[in-house]
Amino acid sequence: LKIEQALKGVLQRGEMFLCYQPQYLLETKEVVSFEALVRWEHPVLGFIRPDKFISIAEDTGMIVEVGKFIFETACKDFIEFRKLKKNLKYMAINISSVQFKDKNFVSDILEIVNRYNLQPNEIELEVTERYIMEFSKTNMQCMSKLRELGFRFSIDDFGTGYSSMSYLTKLPIDVIKVDKAFIDNTPHDNGNVQISKAIVALSKSLGYSVIAEGIEYEEQEEYLKGIDCNMGQGYLFSKPLNFQETKELLIKYQ
Ligand code: G
Ligand code: G
Ligand code: G
Ligand code: NA
Ligand code: MN
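These notes cover the structure that comes with them. (Residues numbered from 1 in each chain as written. Chains lettered and ligands numbered in written order. Predicted model: local features only at pLDDT ≥ 70, side-chain atom pairs only at ≥ 80, totals over all residues.)

Next up on the list: the overall build of the protein. When you go through the protein residue by residue, the secondary structure sums to 11 helices and nine strands. Here the C-alpha atoms of the protein give a radius of gyration of 18 Å, agreeing with the 18 Å that 2.2 N^0.38 yields for 254 residues. Along the first, second and third principal axes, the C-alpha atoms of the protein reach 50 × 45 × 40 Å. Partitioning the intrachain contacts of the protein with sequence separation of at least 6 by distance along the chain shows that 65% fall at a separation of at least 24. (Helix = DSSP H or I, 4+ residues; strand = E, 2+ residues; numbered from the N terminus. Rg over C-alpha atoms; globule rule 2.2 N^0.38 Å. Contact = placed C-beta atoms within 7 Å.)

Below, the structure is given as structure tokens:
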């Protein structure tokens, strides 16, 4: 059974669900947001990692339907999470560049956000740096339009694509996500220390908020706090949690 075939009817069969990884303000260690991460459990193939199936869903166009399911589920669940923590700021949702090419993308996500009585600024759209570099003029116009409507934007995996300093000031974005590759082995790896410091300083000087991904050790947390990185996410704080576990985390907080 091929992944491509297994993807057909995946939503109708209810095999996909979302996990949520909490994002913390480093200064206060408070949870302010979550990143939604899709999961797929197939009855025969078992657990299939998103690294594996997202690109296939993109190639077959299935990502449009799957993406809508992810967006809607994340909004629906965010309402439940916000009931448990009133000052939760936003839900971050990964968006594929293929979704931006869908002519109904803007109207579809606006309809969902309105239906759940959410404000666009309670949703952060995560776009990888790799995709942004491939963006056409149409993609970019779509991104600008969504930002004008109030949606937040973050650049995921920053520093791993063909980073170009020239686009940093031109993009309609709010947050830079520093890739785990540059967080690994800090504060011991001098190369990563210099790179992460520079990314944090540059991003902040341009007015963007910065979040570090893949924090696994306390010394990394201390180091990042020390260089004034705003936020953090990683196994040190929490792995991605299912809906029930996420609610339990928020209840524990109260
Ligand atoms: O959750 P995990 O670490 O296994 O994710 C692996 C990769 O899959 C990451 O690059 C992540 O951005 C991507 N991914 C996870 N969830 C989603 C999603 O809901 N939509 C899209 N487009 N990509 C996702
Ligand atoms: O590309 P993106 O940043 O969306 O990928 C996020 C992926 O990283 C998810 O699959 C998530 O499960 C994983 N992840 C989150 N925190 C950590 C961490 O601390 N260490 C490692 N190795 N992976 C992490
Ligand atoms: O749920 P996620 O896709 O992040 O899990 C990716 C892998 O990382 C899985 O094999 C999981 O068991 C493992 N993992 C989950 N939580 C932790 C953690 O807190 N620390 C470490 N080192 N690995 C974890
Ligand atoms: Na992401
Ligand atoms: Mn990332």
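Picking up after the structure, the text goes on.
The full set of residues close to ligand 1 is Ala36, Leu37, Val38, Arg49, Pro50, Asp51, Ile54, Ile70, Asn94 and Ser96. Mapped by element, the contributors of at least two residues to the shell around ligand 1 are β2 (30–42) and α2 (50–60). (Near = placed C-beta within 6 Å.)

Now for the packing of helix α3 (residues 63–84) against helix α5 (residues 105–115). Remark: α3 packs on α5, axes separated minimally by 10 Å, with the N-to-C direction vectors making an angle of 20 degrees. The angle between the axes of α3 and α5 places the two elements in the roughly parallel class. α3 and α5 meet at a crossing whose hand is right-handed. Contacts between α3 and α5 involve Lys68, Phe71, Glu72 and Cys75 from the former and Asp108, Ile109, Ile112 and Val113 from the latter. Tallied by class, the residues present in the contact of α3 with α5 amount to five nonpolar, no polar and three charged. (Axes fitted to C-alpha atoms, helices over the stretch in contact; angles between N-to-C directions. Parallel < 35°, antiparallel > 145°, perpendicular 65-115°, else oblique. Left-handed = near helix turned anticlockwise from the far one by under 90°. Nonpolar A, V, L, I, M, F, W, Y, C, P; charged D, E, K, R; others polar.)

This part is about helix α10 (residues 218–226). Every buried residue belonging to α10 is among Gln220, Glu221, Tyr223 and Leu224, and all of these are buried. The buried residues of α10 all sit within an arc of 165 degrees when viewed along its axis, so they share a single face. Residues of α10 that are exposed and point more than 90 degrees away from the buried face comprise Glu218, Glu222 and Gly226. Against β8 (209–212) and β9 (231–232) lie the buried residues of α10. Phi turns positive, to about 65 degrees, at Asp228, one or two residues after α10. (Buried ≥ 20, exposed ≤ 12 C-beta atoms within 10 Å, placed from the backbone. Arc of directions from axis to C-beta.)

Looking along a regular strand, one sees the side chains alternate between the two faces of the sheet. Every second residue of strand β7 (residues 175–178) is oriented toward a common face, with Val175 and Lys177 on one face and Ile176 and Val178 on the other, all of them buried. Pairing analysis gives three bridges linking strand β6 (residues 152–158) to β7, with the strands arranged parallel. Residue pairing for β7: Ile155 is matched across the bridge by Ile176. Examined bridge by bridge, β7 and β8 share four bridges and lie parallel to one another. The residue bridging Ile176 from the neighbouring strand is Val210, located in β8. Once you follow β7 into helix α9 (residues 190–205) and on to β8, the crossover reads as right-handed. (Pairing = 2+ DSSP bridges. Right-handed = clockwise from strand over helix to strand, strands pointing away.)

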